[in-house]
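The residues making up each chain are set out below.
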Amino acid sequence: PFEEDIIMVTHVPIHGGLTELICREVTQLDSPELLPRIAVEDVDMTSLYRIADGTLSPLVGPMVKEDYDSVLSAKCIERNGNKWAWTIPIILPITADEAKTAVVGSTVALSSASAGDVFGTLKVESVYDWDKASFIKAVYGTERTDHPGARLWIGDDRSTLVGGEISVLPFNDTRDFVQRIFNPVKLRNFIAEQGYEVTVAFQTRNPLHRAHEYALVYGAEKLLRETGKKVGVFLNPLVGQLKGDDVPAATRMLTYAKLIDDKLLGEGDKDVELWQSKGQDLGSQTCLAGLDMRMYYGGPSEAVMHAIYRQNLGISHFIIGRKHADAPYDDGSAIWGDFDAQEIFHNLGGELSIKTVNVGFAAYFEEIGRVGLVEDNKGKTTVNISGTKMRALLNDGQMPDDRVMRPTTATILMEYYRSKNVA
C-alpha cells in the first residue's frame, strides 16, 4: 500500500492536462549576443522563471494574444481542445523600440533590466497591443484604478506585449532563505519522500498572527478528520515582489522558520487528541516552503492563480480564507465581497483539479482559551488587535498580547522595525 500512496500523491495532476511539468531551463544559450534584446524588469523575470520551472504549467512563455484574450474574456486557456481555468494573464511588456525588433518568427535575447546580463531567449510568436483599461477591468472586476492592483500596471508606460516560447539559464538565487524555496520538482519529490497521502497549503504575504496560523491548522485537521490519511502541511508564503509597505520576505521568512522549526505553529490551538488518535504529529508534518512569485493584489482572480501554482507544486488541497489576496480601494472601501474568493471556484472558466478548503475568520476566544473560528463561537469574547495597532506596538518595541501573536514572531518584527527606524 505504501507504494500506491506515493503514486497517488505524486499524481496530483499538472495543470493544463500535461503528463510532465514544463521545463524551459537550459545550460547554455545559442549566441545570444547576436540577437536583439528585450530588457525584462525583475518582477517579470520572476514570472518567466516560474514558467521555466513548471509552476505556471502549461505555459511555455509569456502569453500569446490568443491566450491573453481567452483569459480576459473567458477566464481560461485552451489546450488540446479542453478549457483550463486561468484568471490573470502572464504577460511580458516591451517598449515601442523593442517591438520593432521583436518580429514574429524571430528570436530575441532576454536581459535583466536591473543587472544588464542576458538570462534567456524568446522565440517570438505574438506581438500585440496592451489595453490596460480592459486588462484591469477583467482581472480586478473594476474600472477604478485607485487600488494597489491597478497601480502595478498604470505606472508602466509600455503599451505592447510579446508572447512566445522561452529558454532561460539557471537562476542564481543568493537570498539567505534560498534553501526554503521550493519549485514543483523539489516539492513533489519531498511529498513523495515523506509518504504524504494528502497535502494542504496556506498562502500568505504577511507575518502570521495566531488567527492566520489557525487557518492552516483548521485545514489540516479537516483533512485529517475526513480522510484519516497522512497529511502534509505546508506554510507556503509568497516571497516574490510585493508592494512597498509589506514586510520584506527575508524578515517574514525568519518569523515563519522560527514557527516551523520550533514546532510552535498551532501550539495551544490545535486539536491534540485528534492528532494523537490518528498517530500523526502537526509539528513534524509541517514544512515551510517559500514560493518565489509576485503578488497581483487581485482578490478572487488571484485566488484562482494561487490555486494553480499550488496544484503544479503537487499540493492536493489549498486554503482560501475570507478576503483572500485582498487589497481595497485607497479610501478603504472593499473592491470584492468577503466570500468572493471562495465563491469564484464554483464558476471557473475551465478545469482545475486542486480542491479548496474554505476557512472563515478566526480569533482568540477567552471562554475556550484558544483560537477558534468566529462562526463557531458566536457571543464569546474575542481578543483582537487591529493591524494598525499591531504595527504601532511593534514599531514602539512593545510586545503584543501573546494570544494574538506569538512572542517569537513579535521579537523578530520588533527588531526589523527598530533597525528600519535607525536607518
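Residues numbered from 1 in each chain as written. Predicted model: local features only at pLDDT ≥ 70, side-chain atom pairs only at ≥ 80, totals over all residues. Heavy atoms only, no water.

It is worth spelling out the sheet that holds strand β1 (residues 37-40) at this point. Within the open sheet, the five strands sit side by side as β1-β5-β6-β7-β4. Their pairing is mixed. Looking at the sheet topology across the chains shown, the edges are occupied by β1 and β4 (93-94). Of the strands in this sheet, β1, β4, β5 (107-112), β6 (118-129) and β7 (160-168) are in contact with helix α2 (residues 42-52), which crosses β7 at around 50°. (Pairing = 2+ DSSP bridges. Helix = DSSP H or I, 4+ residues; strand = E, 2+ residues; numbered from the N terminus. Contact = heavy atoms within 4.5 Å. Axes fitted to C-alpha atoms, helices over the stretch in contact; angles between N-to-C directions.)

In space, the three strands of this open sheet follow the order β14-β13-β15, with antiparallel pairing throughout. This sheet does not close on itself; its edge strands, each paired only once, are β14 (370-373) and β15 (382-383). Of the strand pairs in this sheet, strand β13 (residues 362-365) and β14 are connected by four bridges, and their pairing is antiparallel. Along β14, the bridge assignment pairs Y364 with V371. Along the sheet, helix α8 (residues 210-227) makes contact with β13 and β14, crossing β14 at roughly 65°.

All right, on to helix α7 (residues 184-194) then. Residues spaced three or four apart along an α-helix point in a common direction, a consequence of the helix completing one turn every 3.6 residues. Those residues of α7 that fall on the buried side of the exposure criterion are P184, L187, R188, F190, I191 and A192. Capping of α7 at its N-terminal end is provided by N183; its side-chain oxygen lies 3.2 Å from the backbone amide nitrogen of V185. Directly after α7, the chain includes G195, whose backbone phi takes a positive value near 70°. (Buried < 20%, exposed > 50% of the residue type's maximum accessible area, 1.4 Å probe, protein only. Polar contact = N/O pair within 3.5 Å; in protein donor to acceptor, adjacent residues only side chain to side chain.)

Taken residue by residue, the protein gives an average pLDDT of 94. The fraction at 70 or more is 96%. This stretch, residues 1-9, has a pLDDT under 50; its non-local contacts, to residues over four places away or in other chains, come to 11 contacts. (pLDDT = per-residue confidence, 0-100.)

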